[in-house]
Amino acid sequence: MKVRANTKYKYQPNGWDIYDKTPLNDLQPGDIVKVVNKYGCPKANTMGQCYVEKDGVFKGMVSTGSLTKN
């Protein structure tokens, strides 16, 4: 799935997002997240990944396949 920066999506983890938890990523299934592009980092959709934030707090990188439209 292709995602767009500054757009909100529902987080439904699949693939590596189920197994690869990081300290920043405390997202739960059903959370609403916003896709962001960070300065100096690969843009959204690069290798099927993107950076997300929840309520203005950066949560790290997730698979674009884990995001669905609201």
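The preceding data block contains the structure.
This is a predicted model, so every value here is computed, not measured.

Turning our eyes to something else, we now look at the overall build of the protein. From N to C terminus, the protein includes one helix and five strands. If you list the helices and strands of the protein from N to C, you get β-α-β-β-β-β. Taking 2.2 N^0.38 as the reference for a compact globule, 70 residues should give roughly 11 Å; the C-alpha atoms of the protein span a radius of gyration of 11 Å, in line with that estimate. Along the first, second and third principal axes, the C-alpha set of the protein runs to 25 × 25 × 25 Å. Per-residue burial for the protein yields a buried fraction of 31% across its 70 residues. Of the contacts formed within the protein by residues at least 6 apart in sequence, a portion of 48% connects residues at least 24 apart. Of the charged side chains in the protein, 11 are positive and 6 negative, and the gap between their average positions amounts to 9 Å.

Before going further, it helps to examine the pairing of strand 4 (residues 57–63). On a regular strand, one side chain projects to one face of the sheet and the next to the other, so that they alternate. Note: strand 3 (residues 49–54) against strand 4, six bridges, orientation antiparallel. Paired with Tyr 51 across the two strands is Met 61, which belongs to strand 4. Counting the residues between successive antiparallel strands, the hairpin from strand 3 to strand 4 contains two residues, one of them, Asp 55, with a positive phi of roughly 55 degrees.

Moving on: the sheet that holds strand 5 (residues 67–69). Taking strand neighbours across the sheet as the criterion, the five strands line up as 4-3-2-1-5 in an open arrangement whose pairing is antiparallel. At either end of the open sheet lies a strand with only one pairing partner, and these are strand 4 and strand 5. Sheet twist, expressed as the mean angle between neighbouring strand axes with direction ignored, is 50 degrees.

We now examine the state of the cysteines. Under the criterion given, the structure shown has zero disulfides. Unpaired in terms of disulfides, Cys 41 finds its nearest cysteine sulfur in Cys 50, a separation of 12 Å. Given a relative accessible area of 2%, Cys 50 falls into the buried group.

The rules behind each value
- Residues numbered from 1 in each chain as written.
- Predicted model: local features only at pLDDT ≥ 70, side-chain atom pairs only at ≥ 80, totals over all residues.
- Heavy atoms only, no water.
- Helix = DSSP H or I, 4+ residues; strand = E, 2+ residues; numbered from the N terminus.
- Rg over C-alpha atoms; globule rule 2.2 N^0.38 Å.
- Buried < 20%, exposed > 50% of the residue type's maximum accessible area, 1.4 Å probe, protein only.
- Contact = heavy atoms within 4.5 Å.
- Lys, Arg positive; Asp, Glu negative; His and termini not counted.
- Charge placed at Lys NZ, Arg CZ, Asp CG, Glu CD.
- Pairing = 2+ DSSP bridges.
- Axes fitted to C-alpha atoms, helices over the stretch in contact; angles between N-to-C directions.
- Disulfide = S-S within 2.5 Å.

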